[in-house]
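# Geometric and topological summary
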Amino acid sequence: MDRVLTGITTTGTPHIGNYAGAIRPAVAASQAGDVESFFLIADYHSLVKGEAPEQVAQSTLEIAASWLATGLDPKSIFYRQSDVPEIMELTWILTCMTAKGLMNRAHAYKAAVAENQARANKDPDNGIAMGLFCYPILMAADILIFKANKIPVGKDQVQHVEMARDIAGRFNFRYGEILVLPEAVVGKSTAVLPGLDGRKMSKSYGNTIPLFAEEKQLRKLIMRIKTNSQEPGEPKNPDSSSLFAIYSAFADHEETEVLRTRYADGISWGEMKTVLFEYLNDHLKTAREEYRRLLAAPDHVEDVLQQGAQRARAISGPVLAKIRDAVGIKPLG
Ligand code: TRP
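Attention in this report is confined to the structure presented alongside it. (Residues numbered from 1 in each chain as written. Predicted model: local features only at pLDDT ≥ 70, side-chain atom pairs only at ≥ 80, totals over all residues. Heavy atoms only, no water.)

Assigned secondary structure in the protein chain consists of 13 helices and 5 strands. Here the protein chain holds 333 residues, and 46% of them are scored as buried. For the protein chain, the accessible surface area stands at approximately 17,000 Å², while carbon and sulfur atoms represent 53% of it. For the protein chain, the separation between the mean place of its 38 positive charges and that of its 40 negative charges on side chains is 5 Å. (Helix = DSSP H or I, 4+ residues; strand = E, 2+ residues; numbered from the N terminus. Buried < 20%, exposed > 50% of the residue type's maximum accessible area, 1.4 Å probe, protein only. Areas by Shrake-Rupley, 256 points an atom, 1.4 Å probe, with all protein chains shown as cover. Lys, Arg positive; Asp, Glu negative; His and termini not counted. Charge placed at Lys NZ, Arg CZ, Asp CG, Glu CD.)

Here it is as structure tokens:
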């Protein structure tokens with residue numbers, strides 16, 4: 001049986017683009033039944049960004065509540081990285097046998113060095129913490145401690161999974177076949193949603209629609225989505241319309257085809273915005289209510305994470321014991 005592991009970074013509040021592109025497919029996969037799925041909230045990774053402490057904790061709550069509210073299957077193992085100390089222990093063991101040269105090649109580190117060089121900074125490592133440099137080793141430990149073999153990631157994370165595979169291979173060569181070599185699974189990037197201004201929906205462009213925006217705000221944002229100047233009654237091209245793209249990321253095939261004919265019939269932009277608002281609002285209402293309920297009950301979310309950590313540690317504990325023994329960290333005599 002495949003063991004699928006997804007890592008979730010604790011940054012900001014998810015938007016409908018994150019939902020359609022990452023959360024929804026991952027949640028659907030967790031309900032599939034023929035896989036064992038692990039969802040890890042990567043809070044130790046978030047320290048690399050140097051956020052304020054309150055921000056770290058608040059993000060964890062919001063991200064955990066979002067995933068729970070959107071229907072994560074209860075049989076999947078959902079936990080917080082910092083609740084599984086075996087991950088940190090393995091991180092050091094792996095750090096001791098990972099080539100520094102391998103880390104020198106990591107895209108995120110190379111980009112930071114390139115930025116220093118572009119600014120003609122004498123020190124190419126200016127402002128770069130060891131956390132950023134060793135980030136791929138922590139991610140490798142996240143994966144390897146659970147012997148996960150399938151890792152769904154975006155394109156930007158493929159290199160990290162390949163590094164985890166390299167590191168696992170090196171470990172096994174030296175200490176015996178203990179670790180499983182993981183493989184990146186890159187989703188079809190079909191569900192990239194346009195944002196309010198027509199560019200890709202992204203936090204860095206400030207053009208997002210938060211997944212759990214309140215009804216009033218949701219309506220207001222949808223009314224701001226950019227359209228062209230075509231008049232009501234004029235036939236319109238659905239394939240160049242942000243409103244249509246967002247609608248079809250949520251609707252089924254039949255609903256999308258019905259809307260296509262309404263574009264041909266010249267639906268007005270105002271009417272289309274109302275159609276999209278009502279559709280999204282309907283679709284997200286139940287999850288939104290659940291999300292609000294969870295945010296107001298952090299103790300409950302904490303309990304859920306603790307239960308997840310217990311299940312996770314039942315697996316990571318014995319694996320780490322084997323690893324420690326293999327490297328010679330063991331009782332004397
Ligand atoms: N680094 C990943 C990202 O930025 C998140 C992550 C942390 C992860 N640990 C992981 C992804 C383990 C997959 C497996 O998106």
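Resuming the write-up.
Turning to the site of the ligand, a few remarks are in order. All residues adjacent to the ligand are Leu5, Gly7, Thr9, Leu40, Ala42, His45, Tyr135, Met139, Asp142, Ile143, Ile151 and Gln157. For the ligand, a nitrogen atom lies 2.7 Å from a polar atom in the side chain of Asp142. Taking Gln157, its side chain carries an N or O atom lying 3.0 Å from a nitrogen atom of the ligand. Coverage of the ligand by the protein chains reaches 89% of its 360 Å² of free accessible surface. A per-element tally of the shell around the ligand places helix 7 (residues 130-144) first, with 4 residues. When the residues that make up the shell around the ligand are grouped by side-chain class, the tally is 7 nonpolar, 4 polar and 1 charged. (Near = heavy atom within 4 Å. Polar contact = N/O pair within 3.5 Å; in protein donor to acceptor, adjacent residues only side chain to side chain. Nonpolar A, V, L, I, M, F, W, Y, C, P; charged D, E, K, R; others polar.)

What follows is about the nonpolar core. Formed by 51 residues in total, the largest nonpolar core has its most connected members in Ile16, Trp67, Phe78, Ile209, Phe250, Met272 and Leu276. Secondary structure elements with two or more residues in this core: helix 1 (16-30), strand 2 (35-42), helix 3 (53-69), helix 9 (215-223), helix 10 (242-250), helix 11 (253-264), helix 12 (269-295) and helix 13 (298-327). Residue contributions to this core peak at 11 residues, all from helix 12. Counting only domains with at least three residues in this core, you end up with domain 1 (2-191 + 298-327) and domain 2 (212-293). Non-local contacts of Leu276, meaning those with residues more than four positions away in its chain, are made with Ile222, Ile225, Leu243, Ile246 and Tyr247. In this structure, Leu40, Leu102, Met139 and Phe146 belong to the second largest nonpolar core, which totals 47 residues. (Core = buried A, V, L, I, M, F, W, Y, C linked by side-chain atoms within 4.5 Å. Domains from an automatic or database assignment. Contact = heavy atoms within 4.5 Å.)

The end-to-end C-alpha distance of helix 11 is 17 Å, a good match for the 16 Å that 12 residues give at a rise of 1.5 Å each. Thr256, Leu259 and Tyr263 are the residues of helix 11 that are buried. Down the axis of helix 11, the buried set is contained in an arc of 60°. They therefore lie on one face. In this fold, the buried residues of helix 11 make contact with helix 10 and helix 12. Capping the start of helix 11, Asp252 holds a side-chain oxygen 3.2 Å from the backbone nitrogen of Glu254, two or three residues further along. Where helix 11 ends, the next residue or the one after it, Gly266, has phi of about 90°, a positive value. (Expected span 1.5 Å × (residues − 1). Arc of directions from axis to C-beta.)

This part takes up the environment of Leu320. In this structure, Leu320 sits in helix 13. It is 6.4 Å that separates the C-alpha atoms of Leu320 and Glu86, two residues lying 234 residues apart in sequence. Beyond its immediate stretch of four places on either side in the chain, Leu320 contacts Glu86, Glu89, Leu90, Ile93 and Ile145.

Turning next to the pairing of strand 1 (residues 2-9). The side chains of a regular strand alternate between both faces of the sheet. Here 8 bridges tie strand 1 to strand 2, and the two strands are oriented parallel to one another. What sits directly across from Leu5, in strand 2, is Phe38. Considered for its hand, the β-α-β crossover made up of strand 1, helix 1 and strand 2 is right-handed. (Pairing = 2+ DSSP bridges. Right-handed = clockwise from strand over helix to strand, strands pointing away.)

Following the criterion strictly, the structure yields 10 aromatic pairs and no others. Between Tyr109 and Phe133, the ring centres sit 4.7 Å apart and the planes meet at 75°, which makes this aromatic pair edge-to-face. Taken together, the positions of Tyr109 in helix 6 (residues 107-118) and Phe133 in helix 7 put the pair 24 residues apart, joining distant regions of the chain. The class for Phe133 is buried, based on a relative accessible area of 9%. For the pair Phe171 and Tyr175, a centre-to-centre distance of 4.8 Å together with 45° between the ring planes defines the contact as tilted. Of this pair, Phe171 and Tyr175 are both found in helix 8 (residues 158-175), 4 residues apart, which corresponds to roughly one turn of the helix. For Phe171, a relative accessible area of 0% translates into the label buried. Take Tyr175: its relative accessible area is 24%, and that puts it in the partly exposed class. Grouped by ring-pair contacts, the aromatic residues Phe38, Tyr79 and Phe146 constitute a single cluster. The ring of Phe250 has Arg24 lying over it, and the distance from NZ or CZ to the ring centre is 5.5 Å. Over the face of the ring belonging to Tyr205 we find Arg199, whose NZ or CZ atom lies 4.0 Å from the ring centre. (Phe/Tyr/Trp six-rings, centres within 6.5 Å; stacked < 30°, edge-to-face > 60°. Lys NZ or Arg CZ within 6 Å of the ring centre and 35° of its normal.)

Two numbers describe how helix 10 lies on helix 12: the axes approach to 10 Å, and their chain directions differ by 25°. The orientation of helix 10 relative to helix 12 falls into the category roughly parallel. Here the hand of the crossing between helix 10 and helix 12 comes out left-handed. Along its contact with helix 10, which presents Leu243, Phe244, Ile246, Tyr247 and Phe250, the element helix 12 presents Trp269, Met272, Lys273, Val275, Leu276, Tyr279, Leu280, His283 and Leu284. (Axes fitted to C-alpha atoms, helices over the stretch in contact; angles between N-to-C directions. Parallel < 35°, antiparallel > 145°, perpendicular 65-115°, else oblique. Left-handed = near helix turned anticlockwise from the far one by under 90°.)

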